[in-house]
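Remarks on the overall topology
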Amino acid sequence: MFFDSIGLKKELADAIRAKGFTEPTPIQEKAIPLLLMGEDVIAQSKTGSGKTLAFGVPLMDVLGEEKHVQALVLAPVRELAMQVAQELRTLRPSMASRVAEVYGGVDLEPQGRACAHAAVVVGTPGRVLDLLNRKLLNLSHVRFVGLDEADKMFEMGFVEDLDAIMAHTPREKQTALFSATISIEVENLASKEMHHPQIVRLSSDDDSISNIKQYYVSVDWRDQLKALCFMLDKEKPTLAMIFTKTRIAADKLSRRLSSAGFEAEGIHGDLTQAQRTRIMGEFKAGKLRVLVATNVAARGLDIPEVTHVINYSLPEDHRAYTHRIGRTGRAEREGKAITIITSLHDQKELESMARRTGFELVRYPAEESEIAAYNVRGRAPEERGHETPRPHGRFGGHGRPTHSGRTTHGGRPPSHGGGRSGGFGRGPPRHGSTGQRPFRR
Ligand code: ADP
Ligand code: MG
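Owing to the predicted nature of the structure, the values given are computational and were not obtained by experimental measurement.

Looking at the overall build of the protein
A count of helices and strands for the protein gives 18 helices and 16 strands. A burial count over the protein gives 55% of its 441 residues as buried. Across the protein, every contact between residues at least 6 apart in sequence was considered, and the portion connecting residues at least 24 apart equals 74%. A total accessible area of about 19300 Å² is found for the protein, and carbon and sulfur atoms account for 52% of it.

Here's the deal with the pattern of salt bridges
All chains considered together, the criterion is met by 17 salt bridges. Of the charged contacts, one joins glutamate 66 and arginine 143 as a salt bridge, the two residues approaching to 3.1 Å between their closest N and O atoms. Here glutamate 66, found in the loop between α4 (51–62) and β2 (71–74), pairs with arginine 143, found in the loop between α7 (125–133) and β5 (144–147); they are 77 residues apart in sequence, far enough to count as distant. A relative accessible area of 32% means that glutamate 66 is categorised as partly exposed. For arginine 143, a relative accessible area of 34% gives the class partly exposed.

Comments concerning empty space enclosed by the protein
Across all of its chains, the model carries 4 cavities of 30 Å³ or more by this definition. By volume, the second largest cavity is sized at about 60 Å³. What lines the second largest cavity is simply Thr181, Ile182, Ser183, Ile184, Glu351, Ala354, Arg355, Phe359 and Leu361. Counting residues per element, the lining of the second largest cavity draws most heavily on helix α16 (residues 344–357), which supplies 3 residues. Here the lining of the second largest cavity is composed, by residue class, of 5 nonpolar, 2 polar and 2 charged.

Section: the packing of aromatic side chains
Tallied over the full model, the rule gives 4 aromatic pairs. Look at tyrosine 215 and tyrosine 364: their rings are 5.6 Å apart centre to centre, the planes differ by 75°, and that puts the pair in the edge-to-face class. With tyrosine 215 in strand β8 (residues 212–218) and tyrosine 364 in the loop between β14 (361–363) and α17 (368–372), the pair connects residues that are 149 residues apart, well separated along the chain. Since its relative accessible area comes to 3%, tyrosine 364 is described here as buried. Between the aromatic rings of phenylalanine 230 and tyrosine 374, the centroid separation amounts to 5.5 Å while the plane-to-plane angle is 90°, which identifies the pairing as edge-to-face. Placement of the pair is phenylalanine 230 in helix α11 (residues 224–235) and tyrosine 374 in the loop between α17 and α18 (381–384), with a sequence separation of 144 residues. Exposure class is identical for phenylalanine 230 and tyrosine 374. Each is buried.

Focus: the pairing of β8
The buried fraction of β8 is high, at 5 of 7 residues. Relative to strand β13 (residues 335–341), β8 is paired through 7 bridges, and the arrangement is parallel. Among the inter-strand pairings, lysine 213 is bridged to a residue of β13, identified as lysine 336. Looking at chain direction, β8 and β14 are connected through 3 bridges and run parallel. By the bridge assignment for β14, tyrosine 215 is matched with valine 362.

Describing the environment of leucine 288
Along the chain, the position of leucine 288 falls in the loop between α13 (273–284) and β11 (290–293). Classification of leucine 288 as buried rests on a relative accessible area of 0%. The sequence separation of leucine 288 and glutamate 263 amounts to 25 residues, and the corresponding C-alpha distance is 6.0 Å.

Here's the deal with unusual backbone geometry
For lysine 135, which is not a glycine, the phi torsion comes out positive at approximately 60°. Considering the arrangement of structural elements, one finds lysine 135 in the loop between α7 and β5. Residue classification places lysine 135 among the exposed positions, given a relative accessible area of 74%. A positive phi angle is found at glutamate 149, which is not glycine, with a value near 50°. With respect to the element layout, glutamate 149 can be found in the loop between β5 and α8 (150–155).

Some words on the sheet that holds β11
The parallel open sheet is built from 7 strands, whose spatial order is β10-β11-β9-β12-β13-β8-β14. Looking at strand neighbours, the two that pair on one side only are β10 (264–267) and β14, the edges of this open sheet. Taking the axes of each pair of neighbouring strands and ignoring which way they run, one obtains an average angle of 25° across the sheet. Judged from the 4 bridges that link them, β10 and β11 form a sheet pairing that is parallel. Bridging from a neighbouring strand, glycine 266 pairs with valine 292 of β11. Against the sheet, α13 contacts β9 (239–243), β10, β11 and β12 (306–311), and its axis sits at roughly 140° relative to β10.

Here's the deal with helix α9 (residues 159–166)
Looking only at α9, the buried set comprises Leu162, Ile165 and Met166. Angularly, the buried residues of α9 cover 95° about the axis, an arc narrow enough to put them on a single face. If you follow the buried residues of α9, they end up packed against β2, α7, β5, α8, β6 (174–179) and α10 (184–193).

Comments concerning the side chain of threonine 169
Looking at the secondary structure, you find threonine 169 in the loop between α9 and β6. Here the side chain of threonine 169 touches methionine 166 through a polar contact of 2.6 Å, landing on its backbone oxygen. Separated by 3.1 Å, the side chains of threonine 169 and lysine 173 make a polar contact. Sequence-distant contacts of threonine 169, defined by excluding residues within four places in its chain, comprise Leu139 and Val145.

A look at the nonpolar core
Among the nonpolar cores identified, the biggest contains 40 residues, and Met60, Leu88, Val120 and Val122 are the most heavily contacted of them. In this structure valine 120 touches Leu59, Met60, Leu63, Ala71, Leu88, Arg98, Val99 and Ala100, once residues within four positions along its chain are discounted. In terms of nonpolar packing, the next biggest core, distinct from the first, is built from 32 residues, Leu74, Val145, Leu162 and Leu189 among them.

Conventions used here
Counting restarts for each chain, with residues numbered from 1 along the sequence as it is written. All chains are assigned letters beginning at A, and all ligands numbers beginning at 1, according to the order in which they are written. In keeping with the model being predicted, local features are shown solely for residues with a pLDDT of at least 70 and side-chain atom pairs are shown and tallied solely at 80 or more, while totals for entire chains, interfaces and linings include all residues. To obtain the side-chain values, all non-hydrogen atoms of the structure were used and water was disregarded. Per the convention used, a helix needs a DSSP run of H or I reaching at least four residues, while a strand needs a run of E reaching at least two, with both numbered from the N terminus. Three exposure classes are used, based on accessible area relative to the maximum for each residue type with a 1.4 Å probe and protein chains only: buried under 20%, partly exposed in between, and exposed over 50%. By definition, residues are in contact when any of their heavy atoms lie within 4.5 Å. Accessible surface is estimated by sampling points in the Shrake-Rupley manner with a 1.4 Å probe; for residues, cover comes only from the protein chains shown. Salt bridges are identified by distance alone: a Lys or Arg side-chain nitrogen within 4 Å of an Asp or Glu carboxyl oxygen. Any residue with an atom within 4 Å of a point lines the site, the site being either a cavity, points on a 1 Å grid over the protein atoms alone where a 1.4 Å probe fits but cannot get out, or a pocket, an open set with protein on both sides within 12 Å along at least 5 of 7 lines. Grid points are joined across faces, edges and corners, and a volume is the space filled by probe spheres set on the points. Amino acid classes used here: Ala, Val, Leu, Ile, Met, Phe, Trp, Tyr, Cys and Pro are nonpolar; Asp, Glu, Lys and Arg are charged; the rest, including Gly, are polar. By convention, a stacked pair of Phe, Tyr or Trp rings (six-membered ring in the case of Trp) has centres within 6.5 Å and planes under 30 degrees apart, an edge-to-face pair has planes over 60 apart, and any other such pair is tilted. When DSSP finds at least two bridges between two strands, those strands are taken to pair. The axes used here are C-alpha line fits, helices contributing only the stretch in contact, and every angle between their N-to-C directions lies in the interval 0 to 180 degrees. The arc refers to the directions leading from the helix axis to the C-beta atoms. Two N or O atoms form a polar contact when they lie within 3.5 Å of each other; inside protein one atom must be a possible hydrogen donor and the other a possible acceptor, and for residues adjacent in sequence the pair counts only when both atoms belong to side chains. In this text, buried Ala, Val, Leu, Ile, Met, Phe, Trp, Tyr and Cys residues form a nonpolar core when linked through side-chain atoms within 4.5 Å.

See below:
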């Protein structure tokens, strides 16, 4: 049985058995052994998944007889602090009187007295900081810090309090951070306070987007296209879907991508069914690797080979976000979703959308300067003037659809800008020596 096989102190193992818990919940099964080994852990799982014990068991297991405070747990609200403290007490009955709970709204002095002989302090950040500032609490010997519902603490504006509290703890300590989501703030705290944290996530079968890695990249709005081309070049997707807000934007972007040398076409509600079918067919067959789409056009598409979804512009809400990124990571495959953001406002919006997915959103591993310095090969037609031959039928490059409802750039012209022969992936490879079709011409 799990709880008997992981080498817990006898009192603790007995207490868990007395609760009638025989099997761990999935998050406990993953997090407890890591924490027992001394690793820092960031764990993400939904409410009701048994997080309290996931950090509570290893925390109570490290406690010794020492007189100072050995472990600290921070929780966003009073009720939660009380609940966690109560649960911890049941795990080590002999230590029950040394679990102190501290929170605002009541007298500080009695809590200060409880802290004086506590081995574990469970509290809300504001009150913990008050006690520290009044020298009623000493965290200089703390070995274990548990952060429960970290995302909520950040949402409630406890960022600075958390920083200040952590500054009172030793550098050498173990940290377990539990959160329903892994936000930017969580990441920041982790990078400041934790030592190579292990990230534990529930790979829930019911959640179809658990295998999609979610990234964002933040750039100046003028570098949006650059960022996209940079990503495509760097990621070399098998198939990529790029999302724009409007069909006009989709058309314009696919044209600009074509000019930059990427084989791209736009798909949206203005196309005839025959056109859509042809484009989708080429995309599915891998003859076309980049599809620029609007939400509507992408509804229900199930193309397992889509390795990347890129949000060129932010979706309108979390449903649209989930729907968009769900175009990748199909059939258990790994997928990547990258969202390009150009303002702090975008970032906040995106974080809140991603939070709803319950899975982490992380910064794309590239510097903004690296992207800014990236050179988009070729330029969008509207910036380029007329030095290159244009495919027949192309007009001024303002994104107006033709009579048939789609722009002409993606027809079957003999060449795209620069006089290059044939579209990427259609003609013979230009750098064919490897036999591998290059992602980009
Ligand atoms: P979370 O913090 O993830 O919302 P809790 O730690 O509050 O979840 O646990 C939710 C409920 O599940 C509690 O009633 C708890 O006692 C119970 N529980 C926790 N671990 C187990 C387990 N291994 N087996 C059975 N029930 C458990
Ligand atoms: Mg909880």
